[in-house]
Amino acid sequence: MADPTRPLPNLRDLDTQAFWQATKDKRLTYQQCADCGTVVFYPRRHCTGCFGSNLAWKESAGKGTVYTYSIVRQSYHPFFRSMAPYAVAWIDLDEGPRLVSNVVGVEDPASVRIGMRVKVRWEEHEALCVPLFEPA
Amino acid sequence: MASQTRDAAIVGIHEFPSRDVEGALSPLQIKAECAARALEDAGLELRDVDAIYDAGEGGGMAGLNIAEYFGLKPKVIDTTGVGGSSYEFHAAHAKRDLAAGRARVALLTYGSTAHSNAQAIGVGGRGGGGHPADNMDSFAGMTLVANYAMVAQRHMFDYGTTSEQLAEISVATRYHAMRNPEAVKAMEDLEFLDIRETTVADVVGSRMIADPLHLLECCMISDGGGAVVIASADVARDCAKPPVWLLGAGEATGYPENGGDITTSAAAQSGPTAFGEAGVRPDEIDIAMIYDSFSITVLTILEDLGFCAKGEGGAWVSGGRLRFDRPGDGPALNTDGGGLSSNHPGMRGIFLLIEAARQLRGESCSQVEGAQLAVAHGNGGMLGSRHCAGTVILGRD
Ligand SMILES: [Zn+2]
């Protein structure tokens, strides 16, 4: 039996497909409203600040801070069970978006801390890359 | 209290006694059984019901399906589905609909066979899919426990809250569960390893599921169900049991926001609305029925409802304050044993209303003498990301 694999996003989802298509080139993108300045994340077709549609795509430098995290020690999902224990975290990118990811590249996930500086580390897949984070 | 409107009251309740139906009953059958018993409790009959409220988990035509299954032709159908908080929303809507004269007898039902179906609610993947937000984070393996654990982690970081303080919530809840024969039977049927009162040391010594939440800070996964009958004031006066009035209600949503505060839940919006409508203050509340999916859920919501200031919950819950036998020390918490130790079939909001009504009737296994006011607060969805909050204030004559 093949090793269990990470569940990947649906590239046909109309709100988020541009974000995921950009990851193929290892670009971490987000939207900002050209009218009111609101950072919109997750991606949408409208601004959540003014409900306008004048959204510009921006590229993040991929650096951020751990806002909060947990260490998952039990999961029934075959892939994540094989990964446990692992750190899942909300990451605040320096440009404003807050996103969920894993903090990797640490010997022990218990060394992850709130406030820790992290940078993106791309995990390559066939049609896209997944933005994981490691200590900066 | 003079400005309170007493236009709708809980007049009938029933909690399905078994937490393990061994696959022999369907959720719909459990709903019908509970509805029949709750109507008996009220001294009403099926034909008296003219409004139904259901969380719609049966699918897109749930409103029609449940009416047909029960054999009803209701004038009001409400299938608001907001997870475990659905039933607080339903109570709020029933109060509104009855006060407006659209109906006279409202029936709320819940049934689930989550245990028989072996649903891995807490440590399974994210539910759903289809919403664009889910498409952004399903790759990261955030279990439901981890979602709540991330609230606890940040609460500890911001306010110095400790695992020992969070454990107080599990300890108080188990203390109440041990006095409730149905809760004890539930723990036996679900094969809990150690069925007894617990200590803070027991809780923090139990296995870590998702840091910083331990096993004994996580709710069970049971079968179960319940029903609540709510009647207009004229009907309520003639029912078999004393009315438990719905004095106020509030609804709210919460979801991740860039730069937002994960330690404050939607309860901070629904709570003031409900208390304001009821014209009462948190320090007047005798009974706090707070959705205890996890210890952190209760701590966060107690703060957000205004029982103490944000960040002070850890100290506030310490020293056994939440036990039913500490009158004058703040409200008693989850006197039925809660989701942690009595009943959690996935969406336990209806049990919050049921136990609040028991207390205000004087029927609880952990009865607070002379209890006058209760709050039932349901949290649906996931506290650490997108969730709904429903707050209901209840009072007796
Ligand atoms: Zn805008």
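The structure contained in this document is the topic of the report that follows. Note that this is a predicted model, so its numbers are computed, not measured. (Residues numbered from 1 in each chain as written. Chains lettered and ligands numbered in written order. Predicted model: local features only at pLDDT ≥ 70, side-chain atom pairs only at ≥ 80, totals over all residues.)

Some thoughts on the overall build of chain B
Counting its secondary structure elements, chain B contains 14 helices and 12 strands. Rg of the C-alpha trace for chain B: 19 Å, near the compact-globule value of 21 Å for 397 residues, within the 12% margin. Projecting the C-alpha coordinates of chain B onto the three principal axes gives extents of approximately 55 × 45 × 45 Å. Here chain B holds 397 residues, and the buried ones make up 61% of them. Within chain B, residue pairs in contact and separated by at least 24 positions form 78% of the contacts whose partners lie at least 6 positions apart. (Helix = DSSP H or I, 4+ residues; strand = E, 2+ residues; numbered from the N terminus. Rg over C-alpha atoms; globule rule 2.2 N^0.38 Å. Buried ≥ 20, exposed ≤ 12 C-beta atoms within 10 Å, placed from the backbone. Contact = placed C-beta atoms within 7 Å.)

What about the overall build of chain A?
A count of helices and strands for chain A gives two helices and eight strands. Listed by position from the N terminus, the elements making up chain A come as α-β-β-β-β-α-β-β-β-β. Over its C-alpha atoms chain A spans a radius of gyration of 16 Å, differing by no more than 12% from the 14 Å that the globule rule assigns to 136 residues. Taken over the C-alpha atoms alone, chain A extends approximately 45 × 35 × 25 Å along its principal axes. Sorting the 136 residues of chain A into buried and exposed places 36% on the buried side. Considering only contacts in chain A between residues 6 or more positions apart, those separated by 24 or more positions represent 51%.

Brief notes about the pairing of strand β11 (residues 373–381) of chain B
Residues and elements named next belong to chain B. Of all nine residues in β11, nine are buried, a share of seventy percent or more. Sheet topology note: the strand β9 (residues 287–290)/β11 ladder contains four bridges and is parallel. Note on β11: the bridge partner recorded for Ala288 is Val375. Both β11 and strand β12 (residues 387–396) contribute to a ladder of nine bridges, which runs antiparallel. Across the sheet, residue Ala374 finds its bridge partner in β12, namely Leu394. (Pairing = 2+ DSSP bridges.)

Brief notes about the interface of chain B and chain A
Taken together, the 29 residues of chain B in the interface contact 35 residues of chain A. When contributions to the side of chain B that touches chain A are tallied by element, the ones reaching two or more residues are α4 (132–137), α5 (144–159) and β5 (208–210) of chain B. Among the elements that line the side of chain B that touches chain A, the one with the most residues is α5(B), at six residues. Here the side of chain B that touches chain A is built from residues that sort into 17 nonpolar, nine polar and three charged. (Nonpolar A, V, L, I, M, F, W, Y, C, P; charged D, E, K, R; others polar.)

With respect to the sheet that holds strand β10 (residues 332–333) of chain B
Residues and elements named next belong to chain B. One open sheet holds the 10 strands; their spatial order is β3-β2-β4-β7-β1-β8-β12-β11-β9-β10, and the pairing between them is mixed. Lying at the two open borders of the sheet, with one neighbouring strand each, are β3 (76–78) and β10. Of the pairings in the sheet, the one linking strand β2 (residues 51–53) to strand β4 (residues 105–112) comprises three bridges and is parallel in character. When the sheet's bridge partners are listed, Tyr53 is paired in β4 with Leu108. Relative to strand β8 (residues 244–254), helix α10 (residues 267–278) is tilted by about 155°, and along the sheet it contacts β8, β11 and β12. Together, β1 (8–15), β4, β7 (224–232), β8, β9, β11 and β12 form the strand contacts of helix α14 (residues 349–361), whose direction differs from that of β11 by roughly 175°. (Axes fitted to C-alpha atoms, helices over the stretch in contact; angles between N-to-C directions.)

A closer look at the nonpolar core
Residues and elements named next belong to chain B. Counting 153 residues, the largest nonpolar core has Val228, Val229, Ile230, Leu353, Ala374 and Leu394 as its most contacted members. If you tally residues by element for this core, the top one is α5, at nine residues. Excluding anything up to four places from it in sequence, Leu394 contacts Val244, Trp245, Leu246, Leu247, Ala356, Ala357, Leu360, Ala374 and Ala376. (Core = buried A, V, L, I, M, F, W, Y, C linked by C-beta atoms within 7 Å.)

A few points about α10(B)
Residues and elements named next belong to chain B. Helix length check: α10 (12 residues) gives 16 Å between terminal C-alpha atoms against 16 Å at 1.5 Å per residue, within 8%. For α10, the set of buried residues is Ala267, Ser270, Gly271, Ala274, Phe275, Glu277 and Ala278. On an axial view of α10, the arc spanned by its buried residues comes to 160°, and they lie on one face. Each element contacted by the buried residues of α10 is listed here: β8, α11 (295–304), β11 and β12. Following α10 by one or two positions, Gly279 has its phi on the positive side, about 70°. (Expected span 1.5 Å × (residues − 1). Arc of directions from axis to C-beta.)

With respect to the packing of helix α3 (residues 86–99) of chain B against α14(B)
Residue and element names in this part refer to chain B. Where α3 meets α14, the axes come as close as 6 Å, and the angle between the chain directions of the two elements is 60°. Classified by the angle their axes make, α3 and α14 are oblique. For the pair α3 and α14, contact is made by Ser86, Tyr87, Glu88 and Ala91 and by Gly349, Ile350 and Leu353, respectively. Tallied by class, the residues present in the contact of α3 with α14 amount to four nonpolar, two polar and one charged. (Parallel < 35°, antiparallel > 145°, perpendicular 65-115°, else oblique.)

With respect to α11(B)
Residue and element names in this part refer to chain B. α11 sits mainly inside the fold: 10 of its 10 residues count as buried. Considered for burial, the residues of α11 that qualify are Ser295, Ile296, Thr297, Val298, Leu299, Thr300, Ile301, Leu302, Glu303 and Asp304. Positive phi shows up at Gly306, right after α11, with a value of about 95°.

Description of the pairing of β12(B)
All names here are of chain B. The element β12 is largely enclosed, with a buried count of nine among its 10 residues. Pairing geometry for β8 and β12, over 10 bridges, is antiparallel. Pairing of Thr253 across the sheet is with Cys388, part of β12.

Considering the environment of B:Tyr148
All names here are of chain B. Considering the arrangement of structural elements, one finds Tyr148 in helix α5. Sequence-wise, Tyr148 and Leu216 are 68 residues apart; in three dimensions their C-alpha atoms are separated by 14 Å. In this structure Tyr148 touches Leu213, Ser293, Phe294, Ile296, Thr297, Leu383 and Gly384, once residues within four positions along its chain are discounted.

Quick notes on the sheet that holds strand β2 (residues 39–40) of chain A
Residue and element names in this part refer to chain A. Across the sheet, three strands lie side by side as β2-β1-β3; this open sheet has antiparallel pairing. Unpaired on one side and paired on the other, β2 and β3 (55–60) mark the two borders of the sheet. In the sheet, strand β1 (residues 28–33) pairs with β2 via two bridges, with the strands oriented antiparallel. Across the sheet, the residue bridging to Gln32 is Val39, located in β2.

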